[in-house]
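Structural overview
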Protein chains: 2
Amino acid sequence: MNEKLDFDAMAQRLLHSGRRRRVAVAAPEDAHTEEVIDRCMREGIADFVLFARREKAETAERIAGTCPGHAVTVTADTPEETARMAVKAVREGQADVLMKGTLNTDVLLRAVLDKENGLLIQGRTLSHITATQIPQYGKLLLFADAAVIPHPDTEQFDAILRYALNIFRKLNGHGRTPRVALIHCTEKTNAKFAHTLSYAELRRRAAEGRYGRMLIDGPMDVKTACDSESARIKGLTSDVTGNADILIFPNIEAANTFYKTITLFAGATTAGMLCGAVAPVVIASRADSAEAKMCSMLMACSLA
Amino acid sequence: MNEKLDFDAMAQRLLHSGRRRRVAVAAPEDAHTEEVIDRCMREGIADFVLFARREKAETAERIAGTCPGHAVTVTADTPEETARMAVKAVREGQADVLMKGTLNTDVLLRAVLDKENGLLIQGRTLSHITATQIPQYGKLLLFADAAVIPHPDTEQFDAILRYALNIFRKLNGHGRTPRVALIHCTEKTNAKFAHTLSYAELRRRAAEGRYGRMLIDGPMDVKTACDSESARIKGLTSDVTGNADILIFPNIEAANTFYKTITLFAGATTAGMLCGAVAPVVIASRADSAEAKMCSMLMACSLA
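The rules behind the values
- Residues numbered from 1 in each chain as written.
- Chains lettered and ligands numbered in written order.
- Predicted model: local features only at pLDDT ≥ 70, side-chain atom pairs only at ≥ 80, totals over all residues.
- Heavy atoms only, no water.
- Helix = DSSP H or I, 4+ residues; strand = E, 2+ residues; numbered from the N terminus.
- Rg over C-alpha atoms; globule rule 2.2 N^0.38 Å.
- Buried < 20%, exposed > 50% of the residue type's maximum accessible area, 1.4 Å probe, protein only.
- Areas by Shrake-Rupley, 256 points an atom, 1.4 Å probe, with all protein chains shown as cover.
- Lys, Arg positive; Asp, Glu negative; His and termini not counted.
- Charge placed at Lys NZ, Arg CZ, Asp CG, Glu CD.
- Phe/Tyr/Trp six-rings, centres within 6.5 Å; stacked < 30°, edge-to-face > 60°.
- Contact = heavy atoms within 4.5 Å.
- Buried area = accessible area lost by both parts, 1.4 Å probe.
- Salt bridge = Lys/Arg side-chain N within 4 Å of Asp/Glu carboxyl O.
- Least-squares fit on C-alpha atoms with pLDDT ≥ 70 in both.
- UniProt positions renumbered as here; feature names shortened; annotations may be inferred.
- Axes fitted to C-alpha atoms, helices over the stretch in contact; angles between N-to-C directions.
- Parallel < 35°, antiparallel > 145°, perpendicular 65-115°, else oblique.
- Left-handed = near helix turned anticlockwise from the far one by under 90°.
- Nonpolar A, V, L, I, M, F, W, Y, C, P; charged D, E, K, R; others polar.

1. Description of the overall build of chain A
Check the secondary structure of chain A and you find 11 helices and 11 strands. The C-alpha radius of gyration of chain A comes to 20 Å, within 12% of the 19 Å expected for a compact globule of 304 residues. The dimensions of chain A, computed from C-alpha atoms along their principal axes, are 60 × 40 × 35 Å. Across the 304 residues of chain A, 59% fall into the buried class. Looking at chain A as shown, the accessible area adds up to about 11900 Å², and 47% of this sits on carbon and sulfur atoms. Computing the positive centroid from 38 side-chain charges and the negative centroid from 37, chain A places the two 4 Å apart.

2. What to know about the packing of aromatic side chains
All names here are of chain A. Applying the stated criterion to the full structure yields 12 aromatic pairs over all chains. On the basis of an interplanar angle of 85 degrees and a centroid distance of 6.0 Å, the ring pair of F143 and F249 is categorised as edge-to-face. Taken as a pair, F143 in strand β6 (residues 141–144) and F249 in the loop between β9 (246–248) and α10 (252–265) lie far apart in primary sequence, 106 residues in all. By relative accessible area, which is 1% here, F249 ends up buried.

3. Focus on the interface of chain B and chain A
When the parts of a complex come together, some accessible area is lost, and that lost area is often taken as the interface size. Of the residues lining the interface, 39 residues belong to chain B; the matching set on chain A comes to 39 residues. Across the chain B to chain A interface the summed buried area is about 3400 Å²; carbon plus sulfur atoms make up 68%. A per-residue breakdown of the area chain B buries against chain A is headed by K223(B), E253(B) and F265(B), which together make up 21% of the total. At the surface where chain B touches chain A, the tally comes to four salt bridges.

4. What about the relation of the copies chain B and chain A?
Rotating chain B by 180 degrees and translating it 0.0 Å along the rotation axis places it on chain A, where the RMSD comes to 0.0 Å. On the angle and the small slide along the axis, the relation comes out as a two-fold axis. Residues of chain B ranked by C-alpha distance from the rotation axis are headed by A254(B), positioned 1.9 Å from it. Comparing interface residues between copies, 100% of those in chain B also lie at the interface in chain A; the contact surface is shared.

5. A closer look at the UniProt feature "domain: Phosphate acetyl/butaryl transferase" (unreviewed entry) in chain A
Following the UniProt record, one finds the feature "domain: Phosphate acetyl/butaryl transferase" (unreviewed entry) at residues 80–300 of chain A. Annotated as residues 80–300 of chain A, this span is 41% helix and 17% strand, and its ends, taken at the C-alpha atoms, are 23 Å apart.

6. Points about the packing of helix α4 (residues 79–91) of chain B against helix α5 (residues 105–113) of chain B
Residues and elements named next belong to chain B. Relative orientation of the contacting elements α4 and α5 amounts to 40 degrees, with a least axis distance of 9 Å. Between α4 and α5, the angle falls in the class oblique. Here α4 runs over α5; the crossing is right-handed. Contacts from P79, E80, A83, R84 and V87 of α4 reach α5 at V107, L108, A111 and V112. Residue classes in the contact of α4 with α5 are distributed as seven nonpolar, no polar and two charged.

Written as structure tokens, this is what we have:
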């Protein structure tokens, strides 16, 4: 069994991996992004290529200058160009991770999704996976999709599940079996809720062994997934109830509500990244704390 | 301005109203429901008619006996009959509030929804409104619909909004202006998300004065609705952002996720009731605490 995984442990592992990741940042000029870059350079986790607009070149130079030899800056004319150039650096193998600074997410996504010059892998689904430490929950929890796919169909759920399992295994090693809860408001599979039919198909595929060693159960609500006592009162107990490692949400509104509620009201630390591109992409929200952005960077570097 | 409203204040007001509410309970035999009945009788908030199955008659008698003169018991043959009889007591004016004990919610709802003998008002939408006190939020927050309407259309959103406003005004008096946040994962109105079009229509109706004095804004996410700093970072500030009294959720999955997350991870106290029937209906979940059931009872009695 691995030790309990948290973001500090993630940083330690990266450090001991003996390999500094290379990160391309589009528009690095806000204070939170600067803090993350500075910390990663000083702690020996990553080196950077900073793509900044001409009028922000001085800021970028200053950031790079805090840790000489571990960052270079490149100047662009527009926000769109910082995005295109950062994407190109990743596509051409000069960087292992792509990170958004102060850009609008749309601008970076457009460059990532570009058919000719983007980072998509043919036939792959792009999805967003979040990792969170909630003080009231004893372990790291992964969930999706709070940011990209509005209402997943069965094949999109399948892709989301595979990304989450991959991250779980990368972070925990193969010693622990991931427990996946398929989230809904009740326990009933019901054709009126298309996602519950997709859930049944995921369970069937899991039983066939298509996702490797893992445990899966649902539909169930968040409380049943994360609290044994609530599950017991409802007469629901399985290897997953009360003990979930991964929550698959039915739609973006529910996942986003979970994300915003745990960060605002439950003191949760979160990290998020895009999966399905040629490299991990960090698109932390403008309202995220420096701490959240740092955790996202740790998660992305761990996967790169 | 009224004092900050909380559940204790609700109990005090009921007590000083000089009118004990009359509550019909279907299947009152679990420990949490018993605790609520006992407290309401002792504190002078409500009198009860307890509808119990024959094999639970003794339990019901014992509960009624703890406060002589304030509860009567009636025996039924089946769980379904306890529901039908409790509904009948409300319909015939012998009770002001209907409460579910250990029954399955479905069983009680079937009796409530019965066209001939139920509690529906012709043409009215049945919806579930939750009130919550979250320690990290400075005031009572109402939200909907976490339990009844899966994916509201515009007229259902209109009904939900009216119920929430009505409860807000009953609880707070007319001195405070309710602030309503229409929840989504972004700020964009987008035809791909039908609820954002309904939200635009609600805002239009609000501007026409159709909901009385109130402030409304959205789409916005939970963090923007309840945290001024997050709203500020996103460049969004209105009379609603960071200060919402009412959250209208886009669908039951998102509302249910909010409900379960605040109770499990944020130490929230919640109360819930059905609106749109001839009387308030309490359908607290089996996994709810006695405290949550008590708060639901206080809320329903306040509205009766």
